[in-house]
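For reference, the chains in residue letters:
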Amino acid sequence: MTHTPREIVTTVALGLPAVLGAGVFAGFAPAASLAGWWVLPALAISALAALCCAFSTADQSRAYPDIGGGYGYVRAQLGVWPARMTASAHLLGRCAMAAAVALMFGAYVVPDQPMIGAVALVVATALLGAAGFRFTTGVSVLVSVVLLGVLALVVAASFSIAPVPSAGEAGTVNELVGVAGLMFMAFAGFERVTAPHRGEQPHSPAVLKIAIPVLVGLSFAVYLAVGAGVLRQLGSARLALSPAPLRDALVAADSAALVPLVQVAAAVAGVAALHFVLASAHRTLTGLAEDGDLPTRLKPGALSLVVVVASVLAVVLMPLGLALGVAACGTLFYYAFTNASARVLLQNDRTWPMRTACLGLGLSVLLAMSLPVPAMLVSIAGLGVGTGLIGLTASLRGKRAASRQHTRQAR
């Protein structure tokens, strides 16, 4: 199938608003506290893992076009219980990611009341989605241009003035792999183009074969440039303590006049990334209900409310660093299962070789298990509780259905 450069550019522009969210605006602070300047080479590992996972989801979406996301793929390929674990990991990661995006928004846009700003963003974005707002191609291109333009100004300002000598450095090379896991979540919005929702036009394999590497590569270049800029201007020790690294880098570079532009970009990125996160979680809950793992009588509005309430609780209960860690860990567990199921796809369903799914599986597990211990423990506990609740709900529904069948036969 032929493709045009315009189709590739459009596809990349659709994915960028989902990728450039909390990671580029807030991820460098906790990453620098762990690994200092080693966060920059760690980004290459994150990008490689994201590339493999994007290949797997794209192949599975083509093989199962009517199934909603990783939960559906794993259920079709590996069975019920792995699918329930996949759903639990995905929902945990999405709720934590929603909290991270919202807290980033609060730190940049409403610095005096960041918690109120974060909760308001979750509620407002959910209402926008409920009202039918969607990131069309035109809106996505506009958002991409705004974000790339503002981030380019931040990088230019950070390199234009010599930094003040830093008071020490933070982090060690020993945390390189853990930071790669933490920054993986910065790339995790690629499903916006690799696994479109029902009713959305899927992208052809010929387009994705170029668009996926371009999307991940462009995102990697942006993260690398921004990370190098804020590290140069602030130093790793100062960066590790910053609630809003891009804003503080501009102030340090005597470019405080650009701070309002960064606030606008943070607001735009927050709405775009959170919209995708909430829609992705809703799709997984819908799949659970359709397959009988949740009550089938739940309406779409009730499922949306569950996502919003869980996200608000995550905002209240998790500081930004922990939210980013749990988001990364839950998402990596989710992609470990997704890559495992992609490994057993038939050759006719593949655009990329099976070894990319194998590498994605290995990297997902390695990065998840290298994350900071608090994030890993919260994620493992959430995965266990979520899987257990889904299994219990499905079991109770099965027993009630069997009881009703027995009653009808007795009559």
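- Looking at an unreviewed UniProt entry, one finds the chain named Basic amino acid/polyamine antiporter, APA family, with Lentzea flaviverrucosa as its source organism.
- You can read under Subcellular location (unreviewed entry) in the UniProt record for the chain the words "Membrane".

**Let's talk about the overall build of the chain**
Okay, so step 1: Scanning the chain from N- to C-terminus turns up 16 helices and 0 strands.
Okay, so step 2: Looking at the chain residue by residue over its 411 residues, the buried ones come to 52%.
Okay, so step 3: When the accessible area of the chain is evaluated, it comes to approximately 16,600 Å², of which 69% is carbon and sulfur surface.
Okay, so step 4: Across the chain, the mean location of the 24 positive side-chain charges is 12 Å away from that of the 14 negative side-chain charges.

**Here we look at the packing of helix H2 (residues 22–35) against helix H8 (residues 176–184)**
The packing of two helices is summarised by the inter-axis angle and the distance between the axes.
Okay, so step 1: The interhelical angle for the contact between H2 and H8, taken along N-to-C directions, is 165°, at an axis separation of 10 Å. Compared by their axis directions, H2 and H8 come out roughly antiparallel. With respect to the hand of their crossing, H2 and H8 are arranged in right-handed fashion. Contacts between H2 and H8 involve Gly 23, Gly 27, Phe 28, Pro 30, Ala 31, Leu 34 and Ala 35 on the former and, on the latter, Val 179, Leu 182 and Met 183.
Okay, so step 2: Here the contact of H2 with H8 is built from residues that sort into 8 nonpolar, 2 polar and no charged.

**With respect to the packing of aromatic side chains**
Okay, so step 1: Taken as a whole, this structure holds 8 aromatic pairs when the rule is applied.
Okay, so step 2: Summarising the aromatic geometry, the rings of Phe 28 and Tyr 223 are spaced 6.4 Å apart at their centres and angled 55° between planes, so their arrangement reads as tilted. Linking Phe 28 in helix H2 with Tyr 223 in helix H10 (residues 205–240), this pair joins segments that are 195 residues apart in sequence. An identical accessibility class is assigned to Phe 28 and Tyr 223; each is buried.
Okay, so step 3: When the ring of Phe 187 is compared with that of Tyr 223, the centres are 5.2 Å apart and the planes differ by 55°; the resulting orientation is tilted. Placement of the pair is Phe 187 in the loop between H8 and helix H9 (191–194) and Tyr 223 in helix H10, with a sequence separation of 36 residues.
Okay, so step 4: Taken together through their ring pairs, the aromatic side chains of Phe 184, Phe 190, Tyr 334 and Tyr 335 make up a single cluster.
Okay, so step 5: Of note, Arg 84 hangs over the ring of Trp 81, and the distance from its end group to the ring centre comes to 4.6 Å.

Definitions and limits used
Residues numbered from 1 in each chain as written. Predicted model: local features only at pLDDT ≥ 70, side-chain atom pairs only at ≥ 80, totals over all residues. Heavy atoms only, no water. UniProt positions renumbered as here; feature names shortened; annotations may be inferred. Helix = DSSP H or I, 4+ residues; strand = E, 2+ residues; numbered from the N terminus. Buried < 20%, exposed > 50% of the residue type's maximum accessible area, 1.4 Å probe, protein only. Areas by Shrake-Rupley, 256 points an atom, 1.4 Å probe, with all protein chains shown as cover. Lys, Arg positive; Asp, Glu negative; His and termini not counted. Charge placed at Lys NZ, Arg CZ, Asp CG, Glu CD. Axes fitted to C-alpha atoms, helices over the stretch in contact; angles between N-to-C directions. Parallel < 35°, antiparallel > 145°, perpendicular 65-115°, else oblique. Left-handed = near helix turned anticlockwise from the far one by under 90°. Contact = heavy atoms within 4.5 Å. Nonpolar A, V, L, I, M, F, W, Y, C, P; charged D, E, K, R; others polar. Phe/Tyr/Trp six-rings, centres within 6.5 Å; stacked < 30°, edge-to-face > 60°. Lys NZ or Arg CZ within 6 Å of the ring centre and 35° of its normal.

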